[in-house]
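An overview of the molecular structure
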Amino acid sequence: TTANLAVEALGAEAVHGLIMPGQVSDPDNMSDAEWVAQELGIEYDVVEINPFVDLLLDTFGEVEDDYRAVGNARARTRAVINYLVANHENGLVLGTGNRTEAMVGYFTKFGDGAVDVNPLGNLYKQQVRQLARSLGVPDELVTKTPTAGLWAGQTDEEELGIDYDTLDAILALHVDGPLSASATARAIDVEEATIERIAEMAARSEHKRTPPATPPLD
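Residues numbered from 1 in each chain as written. Predicted model: local features only at pLDDT ≥ 70, side-chain atom pairs only at ≥ 80, totals over all residues. Heavy atoms only, no water.

Secondary structure assignment for the protein chain yields eleven helices and two strands. Across the protein chain, helices and strands are ordered from the amino to the carboxyl terminus as α-β-α-β-α-α-α-α-α-α-α-α-α. Relative to the 2.2 N^0.38 estimate, which gives 17 Å for 218 residues, the radius of gyration of the protein chain is 19 Å and therefore close to what a compact globule would have. Once the C-alpha set of the protein chain is aligned to its principal axes, its extents read approximately 50 × 45 × 45 Å. (Helix = DSSP H or I, 4+ residues; strand = E, 2+ residues; numbered from the N terminus. Rg over C-alpha atoms; globule rule 2.2 N^0.38 Å.)

Have a look at this one:
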C-alpha cells in the first residue's frame, strides 16, 4: 500500500525500493515484496543484512541470545542502509508504519520508525487494509498475517497479545477517543483489564513518538 501511494504521488521512476532479507526473513514475504515492486515498475535492490548483523554479534557476542536486541538490530541495520542510499540519491526514506503500531510502540526506535515521510501514519490497521483494497491490492496480501520478521516465527498479534481489530477499537474509542475504560469494555465486549493494558502500552511508548528529551533552558 505504501508503494502504491508513492508511485501515485511520485511516479515509479522516482521510487527506489530496497528489499533487505535477514536470517529469519520468511522467503514468501521477500517474494511478495519483489512481486509488488515489479508490478508497480519500481526499481529495487535486494540487500542481505546478515553480514552486517553478524559483524555486530561478533563484536558484542554477549547479546547473541537476546532475541529482542538482535531483532531490533536487524531493523536498525535496515534503517542505516535506507539512509545510505537516500543520502547518495538525494532522496527521502518512505515509511510504512501505521497509527495502530505507533500508538502502542510496536516499532523499533531508530529502526523502521526512522523515516522522512510516513503516508500511512494516521491510519489504523483496519483503515490501511481498506485503503489497500480500494487501491486494488490483491486480497492475499491484504489479509496476510502481519509480522515484523525480527525473529523466527514472530507475528504481530501473538506478540501484542491481541488481534488488530480489537486493538484498533480500543485505541479509537478509549486511547484516542472519549470513552472511559469501562465504557469501552462494554461497547466492544472486552475485559476492562485489556483496555487498561493497551492504555499503559500507549503511555509507556510515548518516548518513541516524541523527540528526545532535553533539559529546559530556564
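Now, onward.
Val-104, Leu-160, Ile-162, Leu-167, Leu-171, Ile-195 and Ile-198 are the most contacted members of the largest nonpolar core, which has 16 residues in total. Counting residues per element, the ones that place at least two in this core are helix 9 (164–175), helix 10 (181–188) and helix 11 (192–204). Element by element, the count of residues in this core is highest for helix 9, at four residues. Non-local contacts of Ile-198, meaning those with residues more than four positions away in its chain, are made with Val-104, Ile-162, Leu-167, Ile-170 and Leu-171. With six residues, the next largest nonpolar core counts Met-20, Ile-49, Leu-57 and Ile-81 among its residues. (Core = buried A, V, L, I, M, F, W, Y, C linked by side-chain atoms within 4.5 Å. Buried < 20%, exposed > 50% of the residue type's maximum accessible area, 1.4 Å probe, protein only. Contact = heavy atoms within 4.5 Å.)

Let us look at unusual backbone geometry. In this model, Phe-110 sits at a positive phi of 60°, which is unusual for a non-glycine residue. As for its placement among the helices and strands, Phe-110 is situated in the loop between helix 5 (99–103) and helix 6 (125–134). The residue Asp-189 is not glycine, and still its phi comes out positive at about 55°. Relative to the helices and strands, Asp-189 is located in the loop between helix 10 and helix 11. With a relative accessible area of 71%, Asp-189 lands in the exposed category.

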